[in-house]
Amino acid sequence: MPRASRLSARGDHSIVVKKSDRLNFLILLKLEEIRQYTLRYVITFWLPNGKRAAILENDFDAIEHYVTSEYEVRAEMAAELLAIGEYYISFSLFDLNQDRSSENEKETIRVGR
C-alpha cells in the first residue's frame, strides 16, 4: 500500500504559494526488486476544469538497484511559471522497462500573489 502523499513537511494537502516562490518536489521511492530500473517521473498541473496547465518531467532515470532501499527524486520549478489560480497536481511514475503503466497521486496547490 503506498503511503499518503503530502504537499509540505507539515502534512498539508493544500497550500498557497507566492509567485516568487520556488516549488520543490521530493519523491521517495522504495525499490524492492533487485534489477535495473528506467524511470520517468511526470508532475502535471491541472486546472479545476480538467485542462492541463503545465507539466514537469524527466527524460529517464536509469537506476542499477542491488539492495532493497529508498531512492530520492528531487525536482524544482518557479511558481511564476504558473498563472495565478488553483491547480491540482498529479504525480506519475513510469518504469520504461515494464508495461508503461503508472501510479498517480493527486494533491491541490494554489498560486497567489
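Rules used in this analysis
Residues numbered from 1 in each chain as written. Predicted model: local features only at pLDDT ≥ 70, side-chain atom pairs only at ≥ 80, totals over all residues. Heavy atoms only, no water. Pairing = 2+ DSSP bridges. Helix = DSSP H or I, 4+ residues; strand = E, 2+ residues; numbered from the N terminus. Core = buried A, V, L, I, M, F, W, Y, C linked by side-chain atoms within 4.5 Å. Buried < 20%, exposed > 50% of the residue type's maximum accessible area, 1.4 Å probe, protein only. Contact = heavy atoms within 4.5 Å. Phe/Tyr/Trp six-rings, centres within 6.5 Å; stacked < 30°, edge-to-face > 60°.

The next point concerns the pairing of strand β4 (residues 52-57). Bridge count for strand β3 (residues 36-46) against β4 is 5 bridges, and the pairing is antiparallel. Counted as the bridge partner of F45 is A54 from β4. Counting the residues between successive antiparallel strands, the hairpin from β3 to β4 contains 5 residues, one of them, G50, with a positive phi of roughly 95°.

What follows concerns the nonpolar core. Most often, soluble globular proteins keep nonpolar side chains buried together rather than apart. Formed by 13 residues in total, the largest nonpolar core has its most connected members in L23, F25, I43, F45, L82 and I89. Mapped by element, the contributors of at least two residues to this core are β1 (14-18), β2 (22-31), β3 and β7 (85-95). Considering every element that reaches this core, the biggest residue donor is β7, with 3 residues. Those residues in contact with I43, other than ones at most four positions away along the chain, are F25, A54, I55, L56, A75, I89, S90 and F91.

Time to look at the packing of aromatic side chains. Taken as a whole and judged by the stated rule, the model has 2 aromatic pairs. With centroids separated by 6.1 Å and ring planes inclined at 70°, the aromatic side chains of F25 and F45 adopt a geometry described as edge-to-face. Of this pair, F25 sits in strand β2 while F45 sits in strand β3, and the two are 20 residues apart along the sequence. The burial state of F25 is the same as that of F45; both residues are buried. With 6.0 Å between their ring centres and 65° between their planes, F25 and F91 make a pair best called edge-to-face.

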